[in-house]
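Here's the letter readout for the chains.
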Amino acid sequence: MFSGRPKIRLSMGLAGVALSLVIASSCPAAPPPQFKVWGTAGPELKPIPSSWKPARPEPSPFLRRVFAPKETEIGFALFAQEPFAPMTNQTSTSAAAGELQISAFATPGEYEPLAAGIYALEDCSQIEAEISELHSPASGSISSDNLDLRVTRTVPTLVDAATKTYRLEPFLIEKRPKFALEKDAARLLWLTVHVPQSAVAGKYEGTLSVRRPGRGVATARILLTVLPFSLPALPFETTMYYPRPSDSDPMLERELVDMREHGTSVPIPAMEVRVRSRDQKFGPDDVDETRTYCQRLLGAIHRVYGAWRFPVTFEAGHQVVYYWDQSRNWFAYWPHSPALEKDLGKGIELMLELARSNGIPALRAYLSDEGGAHNLLDETVYYNRWVKDHFPQVQTTATIGGGLALGFDEIGELAGAVDLFSANRFTPEVARALTALRRPFAVYNGAGSRPAGARFFFGFYGYKTGAQQIGQWSYSFGESVFQGNGLRLEDEGYVYHAPDGPLPSLMWEAVREGIDDSRYSELLWQMIGQGQASQEAAVRQAAEHAKEILDTVFGDIGWEFQAMQNDQRSPAPDASILAKWRWQIAEQILALREHPISMPGKARTARVSPLELPWAKAIAERLSFGPELLTNSTLETSLSPWRVEAWKGTGKGELDAVERHSGRQAVRIRIPVEDGSGAVTVLVWPQYGDHKLDLTLEGNRTYEFSVWAKWRDRSLPPRVRISLPAAVVAATKSGQTPPDERGWCRLWARAKLNSTARPGYLAVWIQGPGTVWLDDLSLREIQRSE
């Protein structure tokens, strides 16, 4: 049917050779910027060290499938696949089960992925795949220049360094003419469609053909619906951390175009105070090094991105006031001195000079990375305050979250020194603390390790947080699969490189889809606002209906995605759910376009508070508990056998008959503010001293330790802990209930044991200053949960 139309051809075989891309077109057009800068294929993978072993492989999702005679004859099965979803037998029907159809929708100017899976029933020595141009009898064609056909490549990904295990996971998306498709192997064919800005709305159709020469061909019908509207720019930043810009000018520009075409804002950092000689003196050589480095980067960014929309973030302090400490595997600070601070000032003055000469209207200083998580909160406070005092025209930003999880009140400690908090924990308590400051905030590093998580974080979840900036570490930070020991590391970023450009990955493409989810949401949000302000009742009614749909989507999103502790977190929704949500929003945009509502011209400047939106309530657990194991610790007669101990600082505790959860009294613990955020005070029942803890917990059982708590002059709750040998713990989980009308919360921690053990202690752990009341401590076995 499409034999006379231009095609892109991709050949695959067992041997790796250079790419051969065949494009036949009578009217060639310039490909979109994304396709110009993408790399082709990476080099061969480095051999994995022989001491490393693959983790137990997961069962093939296709083992129980009955394959059709046509699939057996050709030697592989072709099936539709939801992009970013794991391959399963239930993904879709195969080409042999009838006409295989792969469909999507997009707007003019949008990049949209479509995927088809190939599962090999035998060793396939060569497979060829091609895609026709997309044609619409009524609307014209989307030419082959706007189609990019690739294939995924698995890379060894570290699972557990302690056991030296790894797992092969699909990651890279490459143009490879020959690809090892051995028996029982599955790969994705990845088609990226760029809808030209001039494309006419309508339904476009093409054909994906996958063949083995001499054995047969399987085909899939490609259907793309082009919608009659365009997506707006976002009123907030979506950015990637960019720690290692390429030293090659052509590659640098390709990387920046790649980021821009994925919808991200100017990367972080866009400037950096650098040193050439590490002599703890910011001298003329360091000034030259900094100016040369920053001017090169700023010039390239401006050429690619154009006008500066948001404050530009610069880094300052490394090798000036702090250094990388190999023994700690983190940063360490030199003692404060006027000389060091003078040098830091020189670096910031240079940043201001470069900003003026490059037309940058606002600067944001990034002075410390996760200080609270690494016992550097005091230094983070000190230097951010120093910058605010000496350079009030410079905004400050700090990453937080790890310290919050440890119990540090990072927001309270830094509130007077930091303009933009970037949090990797986002709970109701964190949201309330951030919004109470009445200033923008950011969320970062929420994507996780799965493509659906990256899409969710930059999309519906990130949009709902109300953050002014959504950021992720990192664009690219290493290429171990090509240049190291062959194992992909967790922090290596989303992009690897071929000699001719950056290579996309499943995670990286999911970022683009998430940003586009946010753009769909933003468009609908603006149209709803216009409709609600209309003088016509029918328009207001349509806008209210659209708001109900949007609230339904947002109402399915809960707080657990970036919960305080890892064991409290919930995964992102399935990829199919995210795709459904986008279509629900697109439907409402189409419906509102039937009314006299103008398409928004300018992006909004204010974000909606996350506390004003509906959030899904956690599903209430139905638990059945065994008898109370702490029968002699009621606090009704005395504090014993519990102790209040200041493990760091001067915190003290006593029984309180006025403020209590139940019964006659509770424990009140006071930690003075002078003790600072490093104070550690515990209510503990240990295996030492009088009335030692003498308790045995049985294996293959789950126990819950809980306490009712109330606090004042602090924003974070205490944490409950059961001290157990790591080897006996199969799983842990923790959580808390919302506060009741008197402000009391139930805090709990659960441990599933795989063998019998004696706890070293039970403790309620209080980090930092404030007053905390504790009551009704309990330890019970969970006998049944639903």
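Residues numbered from 1 in each chain as written. Predicted model: local features only at pLDDT ≥ 70, side-chain atom pairs only at ≥ 80, totals over all residues. Heavy atoms only, no water.

1. What to know about the nonpolar core
In plain terms, the rule: Definition used in this section: a nonpolar core is a set of buried Ala, Val, Leu, Ile, Met, Phe, Trp, Tyr and Cys residues joined via side-chain atoms within 4.5 Å. Under the scheme applied here, a residue whose accessible area is under 20% of the maximum for its type counts as buried, over 50% as exposed, and between as partly exposed, the area being computed with a 1.4 Å probe on protein chains only. Secondary structure elements are defined from DSSP: runs of H or I of at least 4 residues count as helices, runs of E of at least 2 residues count as strands, and each element is numbered from the N terminus. Pairs of residues are marked as contacts when any of their non-hydrogen atoms sit within 4.5 Å.
Core analysis: the biggest nonpolar cluster contains 135 residues, and L256, F314, I348, L363, F426, F456 and Y520 have the highest contact counts within it. By residue number, the principal contributor to this core is helix 13 (residues 506-532), which donates 12 residues. Beyond its immediate chain neighbours, meaning those up to four positions away, F314 contacts P269, M271, I348, M351, L363, R364, A365, Y366 and V394. In terms of nonpolar packing, the next biggest core, distinct from the first, is built from 37 residues, I102, L134, Y204 and A218 among them.

2. Regarding the pattern of salt bridges
Applied cut-off: The salt bridge definition used is simple: a Lys or Arg side-chain nitrogen within 4 Å of an Asp or Glu carboxyl oxygen.
One pass over the structure, following the stated rule, counts 40 salt bridges. Each of E110, E112, R455, E513, D517 and R582 takes part in a single network of salt bridges with overlapping partners.

3. Points about the sheet that holds strand 4 (residues 76-81)
Heads up, the rule is: Pairs of strands are assigned from DSSP output, requiring at least two bridges between the strands.
With respect to topology, six strands assemble into an open sheet ordered 3-11-10-12-6-4, the strand pairing being mixed. This sheet does not close on itself; its edge strands, each paired only once, are strand 3 (53-54) and strand 4. Bridge count between strand 3 and strand 11 (residues 165-174): two bridges; the pairing is parallel. Paired with K53 across the bridge in strand 11 is T165.

4. Focus: the sheet that holds strand 33 (residues 719-723)
Under the convention used in this document: Comment: axis = line fitted to C-alpha atoms, over the contacting stretch for helices; angle = value between 0 and 180 degrees taken between N-to-C directions.
Strand order in the open sheet made by the four strands is 28-31-36-33, with antiparallel pairing throughout. Edge positions in the sheet fall to strand 28 (643-648) and strand 33, since each has one partner strand and no second. When strand polarity is set aside, the average angle formed by the axes of neighbouring strands in this sheet is 30°.

5. Things to note about the packing of helix 10 (residues 451-458) against helix 15 (residues 575-592)
The line we're drawing: For classification, angles of less than 35 degrees are called roughly parallel, those exceeding 145 degrees roughly antiparallel, those between 65 and 115 degrees roughly perpendicular, and all remaining angles oblique. Rotating anticlockwise by less than a right angle from the far helix to the near helix defines a left-handed crossing, while the corresponding clockwise rotation defines a right-handed one.
Packing of helix 10 against helix 15 leaves a shortest axis separation of 9 Å and a crossing angle of 30°. Our classification of the angle between helix 10 and helix 15 gives roughly parallel. Considering how the two elements wind past one another, helix 10 and helix 15 form a crossing that is left-handed. The residues of helix 15 that touch helix 10, namely those facing A452, R455 and F456, are A575, L578, A579, W581 and R582.

6. Quick word on the packing of aromatic side chains
The test is simple: Aromatic pairing here means that ring centres of Phe, Tyr or Trp (its six-membered ring) are within 6.5 Å. Orientation follows from the plane angle: under 30 degrees is stacked, over 60 is edge-to-face, and everything else is tilted.
The full count for this structure, using the stated rule, is 39 aromatic pairs. With centroids separated by 5.6 Å and ring planes inclined at 50°, the aromatic side chains of F171 and Y496 adopt a geometry described as tilted. Taken together, the positions of F171 in strand 11 and Y496 in strand 25 (residues 496-498) put the pair 325 residues apart, joining distant regions of the chain. With relative accessibility at 5%, the residue F171 sits in the buried group. Ring pairs connect the aromatic residues Y322, W324, W330, F331, Y333, Y382 and Y383, which therefore count as one cluster.

7. So, the environment of L100
Within the fold, L100 resides in the loop between strand 4 and strand 5 (101-106). Classification of L100 as buried rests on a relative accessible area of 1%. Between the C-alpha atoms of L100 and A220, which are 120 residues apart in sequence, the distance is 4.8 Å.

8. Let's talk about the packing of helix 10 against helix 13
Note the cut-off: Charged means Asp, Glu, Lys or Arg here, nonpolar means Ala, Val, Leu, Ile, Met, Phe, Trp, Tyr, Cys or Pro, and polar covers whatever is left, Gly included.
Viewed as axis vectors pointing N to C, helix 10 and helix 13 meet at an angle of 30°, and their least axial separation amounts to 7 Å. Viewed along their axes, helix 10 and helix 13 adopt a mutual orientation that is roughly parallel. The interaxial crossing formed by helix 10 with helix 13 has right-handed handedness. For the pair helix 10 and helix 13, contact is made by P451, A454, R455 and F458 and by L506, M507, A510, V511, E513, G514, I515, D517 and S518, respectively. When grouped by side-chain class, the residues that make up the contact of helix 10 with helix 13 number eight nonpolar, two polar and three charged.

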